[in-house]
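# Per-entry structural report
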Amino acid sequence: MKTLLKIQASLFGDAGQSSQLAAHYAADWLKKNPGGRVVTRDLATQPVPPLTAQRFQALGTKPGERTAAQQAVVNLSDTLIEELMVADEIVFAVPMYNFNIPSGLQSWFDHVARAGVTFRYTENGPEGLIGNKRVHVFVTRGGQYGEAHPQTAYLRQILDFIGLADANIVLAEGLAMGDAAREKSLAAARHAIAELLEPLAA
């Protein structure tokens, strides 16, 4: 049974534009994968706590030396990582807030990027350990910024860092620039999403 992991970061939950694009993809994915399942990690309703010095230290503490509080931090991190490991395909729904990714998604990355678990350093530099999977990132923005924006670059860099290289990024921009611009951009994004699903029908 194939598994699609859907990670959404909109403050508005399922009502967010990025979440709706991801839901559109997931619905069509299920049609092409009978018996498959979609696991949703909603970072608005299931927030991951911000990384603090205490949480950072917990993630680096050896198993036999952890306190109960530290083990709870590790357990959450392990759960998030396990969701990634077992997924056959991953979709990120990412709105732009103040020119960056949502703080909830940043906290998620902070608990997923763990040395020796999802990445390691080698003599040739860092190596991601999650393994090659189909990854799609649906980014929604109020203005027009393009693929070269630092937000996009960061998403590619952090995903590659943990082993999720070659992510397909779909932009839906200009969503705050009037009804016509919003509908045109969302229609283009839905078309791009449909094209991502075409290989699944082969």
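Quick look at the structure, then. Not measured: the values here are computed from a predicted model.

## Section: the environment of Glu-183
For Glu-183, the position within the fold is in helix α6 (residues 179-201). According to the relative accessible area criterion, Glu-183 is partly exposed, its value standing at 41%. Expressed as a C-alpha distance, the spacing of Glu-183 and Gly-163, which sit 20 residues apart in the sequence, is 34 Å.

## What about helix α4 (residues 103-112)?
Listing the buried residues of α4 in full gives Leu-105, Ser-107, Trp-108, Phe-109, His-111 and Val-112. Check the buried side of α4 and you find it contacts β1 (3-8), β2 (37-42), α2 (53-60), α3 (68-86), β3 (89-95) and α5 (150-161).

## Some thoughts on the environment of Met-85
Here Met-85 shows up in helix α3. In the structure, Met-85 is positioned 80 residues away from Leu-5 in sequence and 9.9 Å away in space, judged by C-alpha atoms. Ignoring anything within four residues of it in the chain, the contact list for Met-85 reads Val-117, Leu-129, Ile-130 and Lys-133.

## Section: the sheet that holds β1
Taken in spatial order, the 5 strands line up as β2-β1-β3-β6-β7 in an open sheet, and their pairing is parallel. The sheet terminates laterally at β2 and β7 (168-172), the two strands that pair on one side only. For this sheet the average axis-to-axis angle between neighbouring strands, irrespective of direction, equals 15°. With 5 bridges connecting them, strand β6 (residues 134-140) and β7 associate as parallel partners. Pairing of Thr-140 across the sheet is with Ala-172, part of β7. Those strands touched by α3 are β1, β2 and β3, and its axis lies near 150° from that of β2.

Definitions and limits used
Residues numbered from 1 in each chain as written. Predicted model: local features only at pLDDT ≥ 70, side-chain atom pairs only at ≥ 80, totals over all residues. Heavy atoms only, no water. Helix = DSSP H or I, 4+ residues; strand = E, 2+ residues; numbered from the N terminus. Buried < 20%, exposed > 50% of the residue type's maximum accessible area, 1.4 Å probe, protein only. Contact = heavy atoms within 4.5 Å. Pairing = 2+ DSSP bridges. Axes fitted to C-alpha atoms, helices over the stretch in contact; angles between N-to-C directions.

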